[in-house]
Amino acid sequence: MKIFLDTANINEIREASSMGILDGVTTNPSLVAKEGRDFKGLLKEICSVVNGDISAEVVATDLDGMLREGRDLAKLDDKIVVKVPLIKEGLKAVKCLKAEGIRTNVTLCFSPNQALLAAKAGAYIISPFVGRLDDISTDGMDLIEQIITIYRNYDYDTQVLVASIRHPIHVVESAMMGADIGTMPFSVFTQLIKHPLTDIGLERFLADWKKVQQ
Ligand code: E4P
């Protein structure tokens, strides 16, 4: 499974990238707003650090606006994947952008039918939001299972990106189900590395080694 960071913070991206296990980045308008930086400048910097797909979202909700913003974003770097919302005009935009060779990530997916439509329209990536479903007492991971089954049944190429990941169990379940990508906040990424027994074991090894040195 590819591991993406769900952030627009360049320091977090640099840190994860230095470990050699970062496959891409997803951003959204809320994450970009938190950084208080020029959007395009920030995207260019992210592209210079990460060797993988970088999702950048349009904010227009009409077809012409989405196409204009999508083309503009795609011009910045070959790594850019244009994120469009899963609405009627968004599906039209996916179809048009695909015809121009521009890859799309269809975001704000909350149902298997929405995911089916995105694949049929030609999405490169579908982003189902598991955490936000969990928040309303609906098991987000059930949606991932349904989408993977549907895509396998019909051999759709669209990659399943598990979005709105909130904790390491989401990551384990995504990988076990065979999701293509998991995107997560830096805090969850860091949690994946940690294990208390690793820390205790290392502490003991170092303490024992000190005795040898005396
Ligand atoms: C990523 O593509 C999504 O925008 C993001 O995962 C949403 O996460 P949130 O529900 O924690 O805001």
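As shown above, the structure is provided for reference.
Below is a summary of the structure that appears in this document. (Residues numbered from 1 in each chain as written. Predicted model: local features only at pLDDT ≥ 70, side-chain atom pairs only at ≥ 80, totals over all residues. Heavy atoms only, no water.)

## Some points on the overall build of the protein chain
Turning to step 1, where the next piece is worked out: Summing up its helical and strand segments, the protein chain has 11 helices and 8 strands in all.
Turning to step 2, where the next piece is worked out: In terms of overall dimensions, the protein chain has a C-alpha envelope of 75 × 40 × 30 Å along the principal axes.
Turning to step 3, where the next piece is worked out: The 214 residues of the protein chain split such that 46% are buried.
Turning to step 4, where the next piece is worked out: Contacts in the protein chain between residues far apart in sequence, at least 24 positions, make up 57% of those at least 6 positions apart. (Helix = DSSP H or I, 4+ residues; strand = E, 2+ residues; numbered from the N terminus. Buried < 20%, exposed > 50% of the residue type's maximum accessible area, 1.4 Å probe, protein only. Contact = heavy atoms within 4.5 Å.)

## With respect to the layout of surface pockets
Turning to step 1, where the next piece is worked out: In this model, the largest pocket occupies a volume close to 320 Å³.
Turning to step 2, where the next piece is worked out: Together, 21 residues line the largest pocket, and Asp 6, Asn 28, Leu 31, Arg 132 and Ser 164 are the ones closest to its centre.
Turning to step 3, where the next piece is worked out: The class makeup of the residues in the lining of the largest pocket is 7 nonpolar, 8 polar and 6 charged.
Turning to step 4, where the next piece is worked out: What lines the second largest pocket is a set of 14 residues, and nearest its centre among them are Lys 98, Gly 122, Ala 123, Tyr 124 and Asp 157.
Turning to step 5, where the next piece is worked out: Looking at the lining of the second largest pocket residue by residue, the class counts come to 6 nonpolar, 5 polar and 3 charged. (1 Å grid on protein atoms, 1.4 Å probe; cavity = no way out; pocket = protein on both sides within 12 Å on 5 of 7 lines; lining within 4 Å. Points joined across faces, edges and corners; volume = space filled by probe spheres on them. Nonpolar A, V, L, I, M, F, W, Y, C, P; charged D, E, K, R; others polar.)

## Observations regarding a negative patch on the surface
Turning to step 1, where the next piece is worked out: A cluster of like negative charges, contributed by Asp 139, Asp 142, Glu 145 and Glu 173, occupies part of the molecular surface.
Turning to step 2, where the next piece is worked out: As for its position among the elements, Glu 173 is in helix 9 (residues 168-177).
Turning to step 3, where the next piece is worked out: Judged by its relative accessible area of 31%, Glu 173 is partly exposed. (Patch = residues over 30% accessible without salt bridge, like charges linked within 9 Å, V, L, I, M, F, W, Y side chains within 5 Å. Areas by Shrake-Rupley, 256 points an atom, 1.4 Å probe, with all protein chains shown as cover. Salt bridge = Lys/Arg side-chain N within 4 Å of Asp/Glu carboxyl O. Lys, Arg positive; Asp, Glu negative; His and termini not counted. Charge placed at Lys NZ, Arg CZ, Asp CG, Glu CD.)

## Quick word on the pattern of salt bridges
Turning to step 1, where the next piece is worked out: Enumeration according to the criterion identifies 10 salt bridges in this entry.
Turning to step 2, where the next piece is worked out: Where Asp 53 meets Arg 103, a salt bridge forms, and the shortest distance between an N and an O atom there is 2.9 Å. Note that Asp 53 is positioned in strand 3 (residues 53-57) and Arg 103 in the loop between helix 5 (88-99) and strand 5 (104-109), a separation of 50 residues in sequence.
Turning to step 3, where the next piece is worked out: The partner of Lys 83 in a salt bridge is Glu 57, with the nearest N and O atoms 3.6 Å apart. Taken together, the residues span a long stretch of sequence, with Lys 83 in strand 4 (residues 80-85) and Glu 57 in strand 3 at a distance of 26 residues. Residue Lys 83 shares its accessibility class with Glu 57, and that shared class is buried.

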